[in-house]
Amino acid sequence: MSTPDLIRQRLAALEPETYTLEDESAQHKGHAGAASGGGHFRLTLVSHKFRNLSTLARHRLVYEAMGELMQREIHALSITALTPEEL
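My aim in this report is to walk through the structure given alongside it, one point at a time. Nothing here was measured: the structure is a model prediction, and the numbers come from that model. (Residues numbered from 1 in each chain as written. Predicted model: local features only at pLDDT ≥ 70, side-chain atom pairs only at ≥ 80, totals over all residues. Heavy atoms only, no water.)

1. Some words on the sheet that holds strand S2 (residues 39-47)
Within a sheet, each strand pairs with its neighbour through backbone hydrogen bonds, oriented either parallel or antiparallel. Quick reminder of the rule: By the convention used here, strands pair only if DSSP detects at least 2 bridges between them. Secondary structure elements follow DSSP: runs of H or I of four or more residues count as helices, runs of E of two or more count as strands, with numbering from the N terminus. Comment: axis = line fitted to C-alpha atoms, over the contacting stretch for helices; angle = value between 0 and 180 degrees taken between N-to-C directions. Every residue pair with non-hydrogen atoms within 4.5 Å of one another is taken to be in contact.
Across the sheet, which stays open at both edges, the 3 strands sit in the order S1-S2-S3 with mixed pairing between neighbours. Pairing within the sheet leaves two strands with one partner each, and these edge strands are strand S1 (16-23) and strand S3 (74-82). If you compare each strand with its neighbour and ignore which way they point, the axes differ by 15° on average. Here 7 bridges tie S1 to S2, and the two strands are oriented antiparallel to one another. Looking at the pairing, Asp-23 lines up with Phe-41 of S2. Contacts from helix H1 (residues 3-11) reach S1, S2 and S3 within the one sheet, and its direction differs from that of S1 by about 160°. Across the sheet, helix H2 (residues 55-66) is in contact with S2 and S3; its angle to S3 comes to roughly 135°.

2. Regarding unusual backbone geometry
In this model, Glu-15 sits at a positive phi of 50°, which is unusual for a non-glycine residue. Structurally, the position occupied by Glu-15 is in the loop between H1 and S1. With phi around 65°, Asn-52 is a residue other than glycine that occupies positive phi space. When you line up the elements, Asn-52 lands in the loop between S2 and H2.

3. What about the nonpolar core?
In summary, soluble globular proteins display a tendency toward joint burial of nonpolar side chains. What counts here: Among buried residues, those of type Ala, Val, Leu, Ile, Met, Phe, Trp, Tyr and Cys that are joined through side-chain atoms within 4.5 Å constitute a nonpolar core. Exposed residues in this analysis have more than 50% of their type's maximum accessible area, buried residues have under 20%, and partly exposed residues fall in between, with area computed by a 1.4 Å probe over protein chains only.
In this structure, Ile-7, Val-62, Met-66 and Leu-77 are the most contacted members of the largest nonpolar core, which totals 17 residues. For this core, the secondary structure elements donating two or more residues are H1, S2, H2 and S3. Apart from the residues lying within four places of it in its own chain, the contact partners of Met-66 are Ile-7, Arg-10, Leu-11, Ile-74 and Leu-77.

Here is the structure:
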């Protein structure tokens, strides 16, 4: 399964209303972190689970959902985490 597919699968735990996932790995070729094979991704995620949470707490939820993917498959993950009301 591809890394974007694994990420999408893990996002289900956050019950997203919508999300966009962009693979920016090609833009980072030659970057020291890219040598390990981990990808660079940009995620915009809308979920009711982010209600009443700080930005840091929202990011922690996303990182927890990604689990061990953050150790191997993902080198960098840029996160925008919103509630439906913040759209």
